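The lines below spell out each chain.
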Amino acid sequence: MNGRSESGTMALLIPAIVFVLLLFLFPFGYGLFMSLTKADGSFSLANYIRFFQDARDVRTIGVTLGIAVPVTLLAVGLAVPLSYHMRRGVPGERLITFFLIVPVTLGTVLVSEGMLTFMGPNGWLNQLIMALCLSKTPVRFTHNYTGVAISVGLQGFPYAFLMLLGYVSGINPDLEKASQMLGANKWQTFWKVLFPLMVPGIAISFCLNFVMAFSVFPSAVLLGQPSGPQRVIAYAAYQWAFEKFNFNAAAAISMVMAAIELAVIALILAWRSKMYKGASIVGKG
Amino acid sequence: MIDVRSKLRPGNALFVLMIVVYVAIVLGILLTVVLNSVSKGWYSGLLPKTITTEWYQYVSQDHDIPQLLYVTFVVAIADVLVGLLIAFPASYTLARTEFRGKGILLSLFLLPMIVPPMAYGLPLAMLCYKFRLAGKIIGTIIVNLVPIVPFMILVLMPFIEQVGTNLESAAKMLGAKRSTIFRKILIPLTAPGILTAGILSLVKSISMFDLTYLVAGGKSQTIVVALYSDAYAAGARPPQSVDALAVIYFLISMTCLLVSLRFVSPTQMVFKVK
């Protein structure tokens, strides 16, 4: 390729570079700048100090982690064996994946809204539970932690599952056969051969699921008690920005959010590199 | 051979049970929304006693439904088109050339996918307010572009990698201009990829809530934002009318999903991991 057409090809990157600078890095930098200044524009750490001294605000970190971590662990934990089970296809696979993609497509707002009726005190779920005599009084699924966790999980699980399914079906089936021929049982084959190869997929789906669960707020607002026990950090940031009109305080919270998330992602990637060393073995099946 | 044996294992029963429970919950949620939206005085019992279309009349007086649909589709289609214009050339270069710093550039392009929408969305929304773009359709289009472009790059790159370079080289030797090569060779050959990226992004952007919510208001609301606002201020209106709006949203989103599944598989809805 000659020099002129080489630079012509590189020029095709310009729109995307402008896009990422203007709509992503610049806003992010602006947010960082806002978080480090007072309303009059002078440099200060006051927004962060205020956040960490405000008991109501600082506990949103624990509240959000308390929802995001268990839900993500459960979603990924269930997705690993299920996607492993479906790696060679099962009857009705298209229908199953269709039902899994529905909540993802509909989004958290519709799922949360629908749960209010379906899982409410007079909803079908409670009617079923009482008909089966599992409980004498309606079980509370809404306006508490359970409701928020179910709603976040209903979105997170299909995401983790479909992502891992794409991953696990790409692992070369010869490896499994080789392991079995060498006398390993199913369990050994899973733990010693397939699981290590799934680690990168597990790590990335954990990260993405965690990011979604950590920053989502419609579920917490509609299905939890957003003024108290389920006041999540994203909602706190929103309230400071658009209810109290303190953009500097809101920017500081969004920076704290980003920092926590990046820390969790770094932790997961460290786990991944500890678990997984051979990138070259994953041949396409 | 393996499949026959696995049918008899207890793991299979557990698998079926879990899928059944999951499907039952999803169907239960959707069916109650639909039934509640046409019911009157459904406080107990399995099914509503009276069927009515009252709540749909209520919701069409409460909201400017054609306007909501108009904004939703204009935003989604504009995001798909602008997204493709940005993502396609970039994916081409990333798929075809090796250069110093390619890895860093690629991670930079994909970064918006792992940073929470709130973290960049909030400052971006503030900037939109500053430049008076918030509350306008253009503002909603701009913020939703941020997660769409990286997603499109991820989808498009493998499709472009699959197309051999022979035809391109031949065309180049015969003196074709770059624009001609793109128009006559690359775009027709990567049409499946463009279609996939476009459809997936369209479905995604209809349900995109977080970022839209931060900048949309009044005439620039999309249907999902209106639905959230109604559900949030539940006391202000009958719950059935919220469900009626939910059904309208559900129909649109499901139609798009069903159409898209003719072209793509559900596993493509979540991006591929590498």
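To continue, consider the interface of chain B and chain A. Counting residues at the interface gives 69 residues for chain B, matched by 74 residues for chain A. Going through the elements one at a time, helix 2 (10-37), helix 4 (65-96), helix 5 (102-114), helix 6 (117-130), helix 7 (137-162), helix 10 (191-207), helix 12 (223-232) and helix 13 (239-260) of chain B are the ones with two or more residues in the side of chain B that touches chain A. Ranked by residue count, the leading element in the side of chain B that touches chain A is helix 2 of chain B, at 13 residues. Here the residues of the side of chain B that touches chain A are counted per class, giving 55 nonpolar, ten polar and four charged.

Its place among the elements puts Val33(B) in helix 2. Judged by the 25 C-beta atoms lying within 10 Å of it, Val33(B) falls in the buried class. In sequence terms Val33(B) and Gln240(B) are 207 residues apart; their C-alpha atoms lie 8.4 Å from each other. Apart from residues no more than four positions distant in its own chain, Val33(B) is found in contact with Gly114(A), Thr117(A), Asp243(B), Ala246(B), Val247(B) and Phe250(B).

A few words on the domain arrangement of chain B. Residues and elements named next belong to chain B. Taken domain by domain, chain B holds domain 1 (2-52) and domain 2 (56-269). Taking only C-alpha atoms, the centre of domain 1 and the centre of domain 2 are 31 Å apart. Taken together, the contact pairs six residues of domain 1 with six residues of domain 2. Sort the elements by how many residues they give to the side of domain 1 that touches domain 2 and helix 2 lands first, with five residues. For the side of domain 1 that touches domain 2, the residue count by class is three nonpolar, three polar and no charged.

A few words on the packing of helix 5 (residues 93-118) of chain A against helix 7 (residues 145-168) of chain A. Residues and elements named next belong to chain A. Between helix 5 and helix 7, whose axes approach to 9 Å, the crossing angle comes to 155°. One finds that helix 5 runs roughly antiparallel with respect to helix 7. Our pair here, helix 5 against helix 7, has a crossing hand that is left-handed. Between helix 5, through Thr97, Leu100, Ile101, Pro103, Val104, Thr108, Val111, Ser112 and Met115, and helix 7, the contact on the second element is made entirely by Gly147, Ile150, Ser151, Leu154, Gln155, Pro158, Tyr159, Phe161 and Leu162. Within the contact of helix 5 with helix 7, the residues separate by chemical class into twelve nonpolar, six polar and no charged.

Before going further, it helps to examine the nonpolar core. Residues Leu164(A), Ala234(A), Ala237(A), Ile253(A) and Leu227(B) are the most contacted members of the largest nonpolar core, which totals 163 residues. Ranked by residue count, the leading element in this core is helix 7 of chain A, at 15 residues. Here this core gathers at least three residues from each of two domains, domain 1 (2-52) and domain 2 (56-269) of chain B. The residues contacting Ala237(A), other than those within four sequence positions of it, are Ala250(A), Ile253(A), Ser254(A), Met257(A), Met118(B) and Leu122(B).

Within the secondary structure, Gln162(B) sits in helix 7. For Gln162(B) and Thr190(B), which are 28 residues apart along the polypeptide, the C-alpha to C-alpha distance reads 8.8 Å.

We now examine the packing of helix 7 of chain B against helix 10 of chain B. Residue and element names in this part refer to chain B. The N-to-C vectors of helix 7 and helix 10 enclose an angle of 155°; their axes lie 9 Å apart at closest approach. Regarding the angle of helix 7 to helix 10, the classification is roughly antiparallel. The element helix 7 and its partner helix 10 pack so that their crossing is right-handed. Residue-level contacts link Asn144, Ile148, Phe151, Met152, Val155, Leu156, Phe159 and Ile160 of helix 7 to Pro192, Gly193, Thr196, Ala197, Leu200, Ser201 and Ser205 of helix 10.

What counts and what doesn't
Residues numbered from 1 in each chain as written. Chains lettered and ligands numbered in written order. Predicted model: local features only at pLDDT ≥ 70, side-chain atom pairs only at ≥ 80, totals over all residues. Contact = placed C-beta atoms within 7 Å. Helix = DSSP H or I, 4+ residues; strand = E, 2+ residues; numbered from the N terminus. Nonpolar A, V, L, I, M, F, W, Y, C, P; charged D, E, K, R; others polar. Buried ≥ 20, exposed ≤ 12 C-beta atoms within 10 Å, placed from the backbone. Domains from an automatic or database assignment. Axes fitted to C-alpha atoms, helices over the stretch in contact; angles between N-to-C directions. Parallel < 35°, antiparallel > 145°, perpendicular 65-115°, else oblique. Left-handed = near helix turned anticlockwise from the far one by under 90°. Core = buried A, V, L, I, M, F, W, Y, C linked by C-beta atoms within 7 Å.

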